[in-house]
Amino acid sequence: MLDNQDLIASAAGKLLKGGGNRWVDRGDLEGEGQIALLEAAEKFDPSKGKFAAYAQRAVRNRMIDYLKRNKPLARGGEEELEIEPPVEDVDPTVEEDVE
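This one's a predicted model, so the numbers in the text were calculated from it and none came from an experiment.

Undergrad: Which parts of the structure should I look at to understand the environment of Lys43?
TA: As for its position among the elements, Lys43 is in helix α2 (residues 26-43). Taking the C-alpha atoms as reference points, Lys43 and Tyr54, 11 residues apart in sequence, are found 9.8 Å from one another.

Following this line, the structure appears as structure tokens:
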């Protein structure tokens, strides 16, 4: 697995190339790659191909998911959000056991 550490840096570099993802920290993105590499090592089936190819796809996919989850809202997107009511708007007649 240590032989495949360069996959993480390479995938992060390619995804951050061009500066379109300036809001994301490269270290965080590489951390997601580390998690993906560990998960790939656990799930890999040697009868289905080479680990490097499997790991490369797993790392890239997890990094892309991370970028999607952490993408900032586009301008004007705030109006489209459904916001939960504040706590003070909750029905005061409902009693809960709080310990």
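Next comes the rest of the description.
Undergrad: Would you mind going over the packing of helix α1 (residues 5-16) against helix α3 (residues 51-69) with me for this structure?
TA: Helices that pack against each other are described as a pair by the angle of their axes relative to one another and the distance between those axes. Relative orientation of the contacting elements α1 and α3 amounts to 40°, with a least axis distance of 10 Å. In this view, α1 runs oblique relative to α3, as classed from their interaxial angle. The two elements α1 and α3 meet at a crossing, and its hand is right-handed. For the pair formed by α1 and α3, the contact residues are Leu7, Ile8, Ala11, Ala12 and Leu15 on the first element and Ala52, Ala55, Gln56, Val59, Arg60, Met63, Ile64 and Leu67 on the second. The residue makeup of the contact of α1 with α3, split by class, is 11 nonpolar, one polar and one charged.

Undergrad: Would you explain the pattern of salt bridges in this entry?
TA: Side chains that differ in sign of charge can pair as their charged atoms come close. Applying the stated criterion across every chain, the model contains four salt bridges. In this structure, the salt-bridge partner of Glu30 is Arg26, at a minimum N-O distance of 2.9 Å. With a gap of four residues between them, Glu30 and Arg26 both fall in helix α2, about one helical turn apart. A relative accessible area of 36% places Arg26 in the partly exposed class. Note that Glu32 is salt-bridged to Arg69, the shortest N-O span being 3.6 Å. In this pair, Glu32 sits in helix α2 while Arg69 sits in helix α3, placing the two residues 37 residues apart along the sequence. Shared partners join several salt bridges into a network, and the residues in it are Glu32, Glu39, Arg62 and Arg69.

Quick notes on the rules
- Residues numbered from 1 in each chain as written.
- Predicted model: local features only at pLDDT ≥ 70, side-chain atom pairs only at ≥ 80, totals over all residues.
- Heavy atoms only, no water.
- Helix = DSSP H or I, 4+ residues; strand = E, 2+ residues; numbered from the N terminus.
- Axes fitted to C-alpha atoms, helices over the stretch in contact; angles between N-to-C directions.
- Parallel < 35°, antiparallel > 145°, perpendicular 65-115°, else oblique.
- Left-handed = near helix turned anticlockwise from the far one by under 90°.
- Contact = heavy atoms within 4.5 Å.
- Nonpolar A, V, L, I, M, F, W, Y, C, P; charged D, E, K, R; others polar.
- Salt bridge = Lys/Arg side-chain N within 4 Å of Asp/Glu carboxyl O.
- Buried < 20%, exposed > 50% of the residue type's maximum accessible area, 1.4 Å probe, protein only.

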